[in-house]
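Structure assessment
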Amino acid sequence: MSKWDAIWLNAQLATMQAGRPYGLIQDGAIGVKAGTIAWVGKRTELPGSPETLADAVFEAGGCWITPGLIDCHTHLVYAGNRAREFELRLQGASYEEIARAGGGIRSTVAATREASPELLTATAERRLRALRSQGVTTVEIKSGYGLDLETEVKMLRVARSLAEHQPVTIRTTFLGAHALPVEFEGRSDAYIDFVCAEVLPVVAQEGLVDAVDAFCEGIGFSPAQTVRVFEAAQRWGLPVKLHADQLSDLGGAALAAQFRALSAEHLEYTSVEGVAAMASAGTVAVLLPGAFYFLRETQLPPVAQFRQHGVPMAIATDCNPGSSPTTSPLLMLNMACTLFQLTPEEALTGMTRNAALALGLAEQRGTLAVGQAADFVLWDIEQPAELAYSIGGNPCLNVIKAGFPALPPAEFPQPN
Ligand code: DI6
Ligand code: FE
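Rules behind the numbers
Residues numbered from 1 in each chain as written. Chains lettered and ligands numbered in written order. Predicted model: local features only at pLDDT ≥ 70, side-chain atom pairs only at ≥ 80, totals over all residues. Heavy atoms only, no water. Near = heavy atom within 4 Å. Polar contact = N/O pair within 3.5 Å; in protein donor to acceptor, adjacent residues only side chain to side chain. Areas by Shrake-Rupley, 256 points an atom, 1.4 Å probe, with all protein chains shown as cover. Buried < 20%, exposed > 50% of the residue type's maximum accessible area, 1.4 Å probe, protein only. Helix = DSSP H or I, 4+ residues; strand = E, 2+ residues; numbered from the N terminus. Arc of directions from axis to C-beta. Contact = heavy atoms within 4.5 Å. Donors = N, O, S within 2.8 Å, 3.2 Å for Na, K, Ca; no water. Tetrahedral: all angles 85-135°; square planar, octahedral: opposite > 155°, others 65-115°. pLDDT = per-residue confidence, 0-100. Salt bridge = Lys/Arg side-chain N within 4 Å of Asp/Glu carboxyl O. Phe/Tyr/Trp six-rings, centres within 6.5 Å; stacked < 30°, edge-to-face > 60°. Lys NZ or Arg CZ within 6 Å of the ring centre and 35° of its normal. Expected span 1.5 Å × (residues − 1). Core = buried A, V, L, I, M, F, W, Y, C linked by side-chain atoms within 4.5 Å. Domains from an automatic or database assignment.

Observations regarding the site of ligand 1
Around ligand 1, a shell composed of 14 residues is seen, among which Arg82, Tyr95, Tyr145, His178 and Ser323 lie nearest. For ligand 1, an oxygen atom lies 2.8 Å from a polar atom in the side chain of arginine 82. Contact distances for ligand 1 include 3.2 Å between an oxygen atom and a side-chain N or O atom of histidine 266. Coverage of ligand 1 by the protein amounts to 100% of the 320 Å² it exposes when considered alone.

What follows is the structure, encoded as structure tokens:
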């Protein structure tokens, strides 16, 4: 047997494999070869001494290891901020009123069109660093603040390039159908034509996208328009996702399921029929407690129904300037429990195994198992529930990407 590149010893492993709570392995070890997990199990069952098995031997000092966190829904690349809009909402204006008055997403579109790729890169890099400091190793990033060919391409190129400067895996999603740009006012069908015929072919041919998303909502696009976007995605062989039933029930979850979507997201207003359709299609429910909290929503997503129908639930930051200005995945785990009543184990599964499923990456990521990417996180905790328990804490000791520490520990904040 050729030697492993690295071995990690003396850790409590929350493998997140199904079958037992957190997939726990006490006093565990992980062997890494070529960036992939080659062995995982109890230290006492290792097939030899660590030095004979691996070139590099790392001591985890008894701390906990989980799979790298996967933030499966973000709008990480954008310019400007919407603090003024926050003030207006606190004075009583609704998110929808602000959007209909030409603010909201459109104001971020204006700032993002103006911004140079360098500025977009610099601000996204800061947000990415913050995500990574809390254990994130894979991030999905959506376009959708360009809404013209040039800016959508600019956003997606910036998103893809982030992985060149930081050890992280990036998946990109084309969200051309996010909002109606001013120049198409009153002509939303023409805008959908433009998205399908002029923008999607370019970003697909340039290999800039892994999936296609849309905002199916009263202030977004209708189910019929969403169908046209999905059909175009299918012509390009791209899987689909959908911002569905966030502010009203337009049947978005069922529509996503009809197109075998990888995931449907938000889902506060999803009906039982929608849940059942998602279950039969294997569509993941991506819950976004940050947006629910920040918009001070009251309608809860049908979590009990998702459980009952066996729909996998994922949790993400939805990092964006309008409805979820956060770069804290751990706070989202906390909110998933306090606001949506997930268990801490369901929440963590939602940012590991089920988040991988929502990105079509279940074969490669999301658990500590042989054959999976060797992306994992060292935590200064005594039990995994602490990851969801703390409000705003960060017990991350280090992030391991492809088997090796991604940054010197000193660059990460100390736990509190
Ligand atoms: N739903 C969201 O939560 C984000 N987009 C969407 O369709 C919010 C985007 C924004 O307000 O800028
Ligand atoms: Fe979103």
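Topic: helix H4 (residues 105–114)
Here H4 has its buried residues at Ile105, Arg106, Thr108, Val109 and Thr112. Axial view of H4: buried residues confined to an arc of 155 degrees, hence all on one face. Looking at the packing, one finds that the buried side of H4 touches helix H3 (95–100), helix H5 (117–133), helix H6 (149–165) and strand S9 (211–216).

Quick notes on the environment of serine 222
Along the chain, serine 222 turns up in the loop between S9 and helix H8 (223–235). In this structure, the C-alpha to C-alpha distance between serine 222 and serine 188, residues 34 residues apart in sequence, is 9.5 Å.

A short note on the coordination of the iron ion (ligand 2)
Coordination sphere of the iron ion (ligand 2), protein contribution only: His73 (NE2), His75 (NE2), His243 (NE2) and Asp318 (OD), at 2.1 to 2.4 Å. Around the iron ion (ligand 2), the 4 donor atoms sit at angles spanning 80 to 166 degrees, and that spread fits a shape best called irregular. Each donor residue of the iron ion (ligand 2) belongs to the same chain, with the gaps between them written as H-x1-H-x167-H-x74-D. Linking histidine 73 in the loop between strand S6 (69–71) and helix H2 (83–90) with histidine 243 in strand S10 (residues 241–244), this pair joins segments that are 170 residues apart in sequence.

As for the confidence of the model for the chain
Regions with low pLDDT carry predicted coordinates that are not meant to be interpreted in detail. For the chain, the mean per-residue pLDDT works out to 96, and 97% of the residues sit at or above 70. Below a pLDDT of 50 lies the segment residues 411–416, which in the model reaches 16 contacts outside its immediate sequence neighbourhood of four places, other chains included.

Notes on the side chain of threonine 121
Checked against the element boundaries, threonine 121 lands in helix H5. A relative accessible area of 16% means that threonine 121 is categorised as buried. Aside from chain neighbours lying at most four places away, what touches threonine 121 is Val158 and Leu162.

Comments concerning the side chain of glutamate 140
Locating glutamate 140 in the fold gives a position in strand S7 (residues 136–142). Only 2.8 Å separates the side chain of glutamate 140 from the side chain of lysine 142, close enough to count as a polar contact. Ignoring sequence-local partners within four residues, the contact set of glutamate 140 consists of Asp71, Cys72, His73, Thr74, Arg171, Thr173, Lys241 and Leu359.

A closer look at the pattern of salt bridges
Tallied over the full model, the rule gives 17 salt bridges. Residues glutamate 183 and arginine 113 are paired through a salt bridge, measuring 2.8 Å at the closest nitrogen-oxygen approach. Linking glutamate 183 in the loop between strand S8 (169–177) and helix H7 (188–205) with arginine 113 in helix H4, this pair joins segments that are 70 residues apart in sequence. Since its relative accessible area comes to 37%, glutamate 183 is described here as partly exposed. Its relative accessible area of 27% is what places arginine 113 among the partly exposed residues.

Focus: the packing of aromatic side chains
Enumeration according to the criterion identifies 12 aromatic pairs in this entry. Clustering of aromatic rings is evident, with ring pairs tying together Trp8, Phe58, Phe376 and Phe404. Over the face of the ring belonging to tyrosine 78 we find arginine 127, whose NZ or CZ atom lies 3.6 Å from the ring centre.

Some details on H5
Here H5 is 17 residues long and its end C-alpha atoms lie 24 Å apart, about the 24 Å a rise of 1.5 Å per residue gives. Among the residues making up H5, those that are buried are Leu120, Thr121, Thr123, Ala124, Glu125, Arg127, Leu128, Leu131, Arg132 and Ser133. Of the surrounding elements, those touching the buried residues of H5 are S6, H4, S7, H6, helix H13 (329–338) and strand S15 (396–401). Of the residues flanking the end of H5, it is glycine 135, one or two places downstream, whose phi is positive at about 100 degrees.

Side note on the nonpolar core
Formed by 97 residues in total, the largest nonpolar core has its most connected members in Val77, Phe174, Leu267, Leu287, Phe306 and Trp379. In terms of residue count, H7 provides more of this core than any other element does, 7 residues in total. If you count residues domain by domain, this core takes at least three from each of domain 1 (4–67 + 368–411) and domain 2 (69–358). Dropping the residues within four chain positions of it, phenylalanine 306 is found in contact with Leu267, Val275, Met278, Ala285, Leu287, Val311 and Met313. With 18 residues, the next largest nonpolar core counts Ile30, Cys63, Ala374 and Ile400 among its residues.

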